[in-house]
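Structure at a glance
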Amino acid sequence: MKYLTIALAKGRLAKQTLALLEQTGITCEEMKDKDTRKLIFVNEELGLKFFLSKTSDVPTYVEYGAADIGVVGSDTILEEGRKILEVLDLGLGKCRMCVAGPASARELLQKNEIIRVASKYPKIAKDYFYNKKHQTVEIVKLNGSVELAPIVGLSEVIVDIVETGSTLKENGLEVLEEICPLSARVVVNEASMKMQRERITKIVKDLKQALNE
Ligand code: PRP
């Protein structure tokens, strides 16, 4: 039996996904060892391989077929824009992609002013401002703690993930516009879906059922 390879995004989502897979009878004992430095794990019996990668690389592994299946947030899917099939919304890690900033920036958005937008998600930000709002902006790519940008005067607003809203609140910022809801998705390599359709659809179907239990 050919191995089926599953790419998981390092962190909380991987843990939640593994718990869900376990409900469907798919386990990987090796992966539970917290001290391991191994990157790839095998379940010989089920013919499955698992690996943990940086979140933003999951769609890349899946597009190139290095992983047949991946589990990753829809923020990463949108930002990476890879040619992959999105087959299931796991409903995990629900949050929102938003434009945020100080209350005073609301006016700048309404007046279509040329403003600076800082984000870890330049593609999503560009698509929103250029294609949806038809507002010309300057996008500045940052790699984290994006909330700092409007506070220190790097940008007027940010495009970022809002989950509880507490990071914004504690920094005197607020949601100004909502771009889209986000959650974890199961993605599949296009060729794998053709060659291994039966095995992949069984896993997806079992996951769907586990979600409803
Ligand atoms: C994310 C996001 C926000 C925060 C939102 O950051 O970029 O900063 O979580 O969560 P909240 O609405 O519940 O406060 P993350 O922790 O991934 O770190 P980062 O700042 O490095 O992006």
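My aim in this report is to walk through the structure given alongside it, one point at a time. (Residues numbered from 1 in each chain as written. Predicted model: local features only at pLDDT ≥ 70, side-chain atom pairs only at ≥ 80, totals over all residues. Heavy atoms only, no water.)

**What to know about the site of the ligand**
Rule in force here: Nearness is judged by heavy atoms alone; a residue qualifies as near a molecule or strand once a single heavy atom is within 4 Å of it. In the analysis that follows, any N or O atom pair within 3.5 Å is treated as a polar contact, provided that within protein one partner can donate a hydrogen and the other can accept it, and provided that, for residues neighboring in sequence, both atoms belong to side chains. All accessible areas in this document rest on Shrake-Rupley with a 1.4 Å probe, and a residue is counted as covered only by the protein chains that are shown. Helix and strand assignments come from DSSP, with helices taken as H or I runs of at least 4 residues and strands as E runs of at least 2, each series counted from the N terminus. Any residue that is not Ala, Val, Leu, Ile, Met, Phe, Trp, Tyr, Cys, Pro, Asp, Glu, Lys or Arg is counted as polar, Gly included; the first ten are nonpolar and the last four charged.
Around the ligand, the surrounding shell consists of Lys-120, Gly-144, Ser-145, Glu-147, Asp-160, Ile-161, Val-162, Glu-163, Thr-164, Gly-165, Ser-166 and Thr-167. Asp-160 has a polar side-chain atom sitting 2.8 Å from an oxygen atom of the ligand. With respect to the ligand, the side chain of Thr-164 contributes an N or O atom lying 2.5 Å from an oxygen atom. Relative to its unbound accessible area of 490 Å², the ligand is 66% covered by the protein chains. Every element with two or more residues in the shell around the ligand is listed here: β9 (157-162) and α7 (166-170). Here the residues of the shell around the ligand sort into two nonpolar, six polar and four charged.

**Re a nonpolar patch on the surface**
What counts is decided by this rule: Note that patches include only residues with greater than 30% relative accessible area and no salt bridge, and the join distances are 9 Å for like charges and 5 Å for nonpolar side chains (Val, Leu, Ile, Met, Phe, Trp, Tyr). The salt bridge criterion pairs a side-chain nitrogen of Lys or Arg with a carboxyl oxygen of Asp or Glu, the two atoms within 4 Å.
Taken together, Leu-148, Ile-151, Val-152 and Leu-154 make up a surface patch of nonpolar side chains, about 350 Å² in accessible area. Tracing the backbone through its elements, the reader meets Ile-151 in helix α6 (residues 148-152).

**Examining the side chain of Arg-185**
Definition in use: What makes two residues a contact is simply this: any of their non-hydrogen atoms within 4.5 Å.
In this structure, Arg-185 sits in strand β11 (residues 184-188). A distance of 3.5 Å separates polar atoms of two side chains, one belonging to Arg-185 and the other to Asp-89. The residues contacting Arg-185, other than those within four sequence positions of it, are Gly-70, Val-71, Val-72, Ser-74, Ile-77, Glu-86, Leu-88 and Asp-89.

**A closer look at unusual backbone geometry**
Of note in this structure, Asn-112 is not a glycine but carries a positive phi near 55°. Tracing the sequence through the fold places Asn-112 in the loop between α4 (106-110) and β7 (116-119). Residue His-134 is not a glycine yet carries a positive backbone phi of 55°.

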